[in-house]
Amino acid sequence: MQSNQLDYFPILMQMLLAVGFVVGTIIISGYLGPKRSSVNKDKNFECGIESVGNARIPFSVKYFLVAILFVLFDVEVIFLYPWAVNFKELGVEGMIKMVIFMSLLLIGFFYIIKKKALDWE
Amino acid sequence: MSDSKINMVAPPEGVVGEGFFATKLNDVVGMARANSLWPLPFATSCCGIEFMATMASHYDLARFGSERVSFSPRQADMLMVMGTISKKMAPILRQVYEQMAEPRWVIAVGACASSGGVFDTYSVLQGIDKVIPVDVYVPGCPPRPEQIVDGVMQLQELVRNESVRRRNSPEYKELLASYNL
């Protein structure tokens, strides 16, 4: 079977048509559709209530720390489950690998405790 | 699938031929708009509970194309005001209406939204048409879900027959200007 590069032309055409249709309809509807803008229209939607202050205020880094810690131990549990299911097949080698993995995480955990990241007062 | 009772939307009037169909843009746009009205519920009291029943499986407003209840005015087509609107609530309702994208329609569901209902007092707005233009009024205190569905179908009829140029017409601008919008 001889395959020619020209044989792929219909695929290119189809991709062009698909992207062209999406982009075209978005642009055309922007021009054809009715529009009405005002100061109130362009305001942030706050359920109709006047918005107070700025949404971009600094907040405590502790929230971020707790979130990252959660992700850390969440992922750890995700790895623990398949390891526990295949405990016998993985044997001693799997055990050693898991201990290395866990100890790496625990070192990080002890570091964060030493840094007093979890002291809330 | 022969025993299913699915009602499909009939195509608009037009010229049918071998491999083509010609009709008016107005009809196609109207048909598309009428069968994909996304509601923005503005529920403040008991009519809102009836609306919940309307959206739920038994009455299922999704059959009429209102599958997605939009809680942002940016993506909504019809504002459904259900319940008593106090005078303190009126500017909030106005703001929500103003933030909806054109074309937009409004249904006043129930006696309170339509006319203030039994609350003929100093604190209650005597019908939402004092602050925003209303397309369809649904009577009842509260109306049954069938009535709300009927109201939506009446609005669909309005939407289907609306000219694509109506939102740019001087009459429409005058109407909004009369509401200071």
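Remember, it's a predicted structure, so these values are computed and weren't measured experimentally.

**Here we look at the domain arrangement of chain A**
On domain assignment, one finds that chain A holds domain 1 (1-33) and domain 2 (61-114). The C-alpha centroid of domain 2 of chain A is placed 47 Å from the C-alpha centroid of domain 1 of chain A.

**Considerations on the packing of helix H1 (residues 25-34) of chain B against helix H5 (residues 145-160) of chain B**
When two helices pack together, their arrangement is given by the angle between their axes and by how far apart the axes lie. All names here are of chain B. Put simply, H1 and H5 touch, their axes get as near as 8 Å, and they point 155° apart. Taken together, the axes of H1 and H5 are roughly antiparallel relative to one another. In this structure, H1 crosses over H5, and the sense of that crossing is right-handed. For the pair H1 and H5, contact is made by Gly30, Met31, Arg33 and Ala34 and by Gln156, Val159 and Arg160, respectively. Grouping the amino acids of the contact of H1 with H5 by side-chain chemistry returns three nonpolar, two polar and two charged.

**What about the sheet that holds strand S6 (residues 136-138) of chain B?**
Residues and elements named next belong to chain B. Strand order in the open sheet formed by four strands is S3-S4-S5-S6, and the pairing between neighbours is parallel. Only two strands of the sheet have a single partner each, and these edge strands are strand S3 (39-43) and S6. Adjacent strand axes in the sheet meet at a mean angle of 20°, parallel and antiparallel pairs treated alike. Examined bridge by bridge, strand S5 (residues 105-109) and S6 share three bridges and lie parallel to one another. Directly across from Ala108, in S6, lies its bridge partner Tyr137. Helix H3 (residues 90-98) rests against S3, strand S4 (78-82) and S5 of the sheet, and its axis sits at about 165° to S4.

**Description of unusual backbone geometry**
Note: most residues except glycine have negative phi, and most peptide bonds are trans. All names here are of chain B. The peptide bond linking Glu102 to Pro103 adopts the cis configuration, its omega dihedral lying at -5°. Tracing the backbone through its elements, the reader meets Pro103 in the loop between H3 and S5. In this chain, Cys141 is followed by Pro142 through a cis amide linkage whose omega measures -10°. If you trace the backbone, Pro142 turns up in the loop between S6 and H5. Despite not being glycine, Asp60 has its phi angle at roughly 50°, a positive value. Position of Asp60 among the secondary structure elements: in the loop between helix H2 (46-55) and S4.

**Observations concerning the interface of chain B and chain A**
Each side of the interface is counted separately: chain B has 13 residues, and chain A has nine residues. For the side of chain B that touches chain A, the class distribution of residues is five nonpolar, four polar and four charged.

**Points about the pairing of S5(B)**
All names here are of chain B. Extensive coverage of S5 is indicated by the burial of five of its five residues. One ladder, built from five bridges, connects S4 with S5; its direction is parallel. Bridge assignment links Met78 to a residue of S5, and that residue is Trp105. In this view, the connection linking S4 to its parallel neighbour S5 by way of H3 has right-handed handedness. Each parallel crossover has a hand, and the one from S5 via helix H4 (residues 110-115) to S6 is right-handed.

**Section: the packing of helix H3 (residues 61-85) of chain A against helix H4 (residues 87-114) of chain A**
Residue and element names in this part refer to chain A. Contact pair H3 / H4: the axes reach a minimum separation of 10 Å and the direction vectors enclose 170°. With respect to H4, the element H3 is oriented roughly antiparallel. Two secondary-structure elements touch here, H3 through Leu69, Leu72, Glu76, Phe79, Trp83 and Ala84 and H4 through Phe87, Leu90, Gly94, Met98, Phe101, Leu105 and Ile112. Considering only residue class, the contact of H3 with H4 consists of eleven nonpolar, one polar and one charged.

**Observations concerning the confidence of the model for chain A**
Per-residue confidence for chain A gives a mean pLDDT of 87; residues scoring 70 or more make up 98%. Mean pLDDT values for the elements of chain A range from 86 in H3(A) up to 92 in helix H1 (residues 9-32) of chain A.

Parameters and conventions
Residues numbered from 1 in each chain as written. Chains lettered and ligands numbered in written order. Predicted model: local features only at pLDDT ≥ 70, side-chain atom pairs only at ≥ 80, totals over all residues. Domains from an automatic or database assignment. Axes fitted to C-alpha atoms, helices over the stretch in contact; angles between N-to-C directions. Helix = DSSP H or I, 4+ residues; strand = E, 2+ residues; numbered from the N terminus. Parallel < 35°, antiparallel > 145°, perpendicular 65-115°, else oblique. Left-handed = near helix turned anticlockwise from the far one by under 90°. Contact = placed C-beta atoms within 7 Å. Nonpolar A, V, L, I, M, F, W, Y, C, P; charged D, E, K, R; others polar. Pairing = 2+ DSSP bridges. Buried ≥ 20, exposed ≤ 12 C-beta atoms within 10 Å, placed from the backbone. Right-handed = clockwise from strand over helix to strand, strands pointing away. pLDDT = per-residue confidence, 0-100.

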